[in-house]
Every structure is written in C-alpha cells, then in structure tokens.
Amino acid sequence: VAYTELKGIPMRIWRAHIKPHQQGDAGTVVKDTKDSIDVITADGVLSIEQLQLPGKKKMLARDFLNGHPDFFTTP
C-alpha cells in the first residue's frame with residue numbers, strides 16, 4: 001500500500017503498474033483510459049487501478065472516476 005494525495009484528495013493506492021514513459025512533467029495526472037488514473041513519474045507512468053479514500057472501502061479507479069467526473073478537468 002502506498003499513500004498519496006492527488007489533486008487535493010488523500011488516498012491509498014492498492015494496485016498499480018508502471019507503463020512506458022510519457023512526455024510531461026513528473027507528478028502530472030493524465031487521462032489515458034477510463035479504467036485508471038495515470039501519473040507521470042521520472043521513470044515512467046504509474047497507472048493506478050485500485051485505490052481507497054479516507055473512511056471508504058477499496059475501489060477500482062474506474063469507480064472513483066465515475067463518481068468524480070470532473071477529476072481530470074479540475075486543477
């Protein structure tokens with residue numbers, strides 16, 4: 001389990017994988033698929049597949065994104 005904050009939302013990351021590097025600044029959240037939250041890192045892209053919000057049960061990134069449709073449009 002890893003702990004982080006994305007766009008001001010604290011979360012635990014339960015399942016993720018690394019994808020090949022993408023152009024952009026490290027820490028940038030990008031929309032690549034509707035099933036994951038992708039974050040550019042110095043060594044590649046961390047593709048978050050399962051996460052947990054404070055006080056909530058684990059959920060798929062897809063379910064999080066369905067409940068937060070403006071996640072990629074807010075700064």
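Note that this is a predicted model, so its numbers are computed, not measured. (Residues numbered from 1 in each chain as written. Predicted model: local features only at pLDDT ≥ 70, side-chain atom pairs only at ≥ 80, totals over all residues. Heavy atoms only, no water.)

Chemist: How do you make sense of the pairing of strand β1 (residues 2–6) when you look at a structure like this?
Modeler: For a regular strand, the rule is simple: side chains alternate between the two faces of the sheet. In this sheet, strand β2 (residues 9–19) lies alongside β1 in antiparallel orientation, the contact comprising five bridges. Counterpart to L6 in the pairing with β2 is I9. Linking β1 to β2, which pair antiparallel, is a turn of two residues; within it K7 sits at a positive phi near 50 degrees. (Pairing = 2+ DSSP bridges. Helix = DSSP H or I, 4+ residues; strand = E, 2+ residues; numbered from the N terminus.)

Chemist: Explain the packing of aromatic side chains here, please?
Modeler: The relative placement of two aromatic rings is captured by the distance of their centres and the angle of their planes. Scanning the entire structure with this criterion turns up zero aromatic pairs. The ring of W14 is capped by K58, whose NZ or CZ atom sits 4.2 Å from the centre of that ring. (Phe/Tyr/Trp six-rings, centres within 6.5 Å; stacked < 30°, edge-to-face > 60°. Lys NZ or Arg CZ within 6 Å of the ring centre and 35° of its normal.)

Chemist: What is the right way to look at the pattern of salt bridges in this model?
Modeler: Two side chains that carry opposite charge are able to pair once their charged atoms sit near each other. Here the structure, examined in full by the defined rule, presents three salt bridges. Of the charged contacts in the structure, one is a salt bridge between K19 and D38, with a shortest N-O distance of 2.7 Å. Note that K19 is positioned in strand β2 and D38 in strand β4 (residues 37–40), a separation of 19 residues in sequence. A salt bridge links D35 to R62; its shortest N-O distance comes to 3.4 Å. In this pair, D35 sits in the loop between β3 (29–30) and β4 while R62 sits in helix α1 (residues 61–67), placing the two residues 27 residues apart along the sequence. (Salt bridge = Lys/Arg side-chain N within 4 Å of Asp/Glu carboxyl O.)

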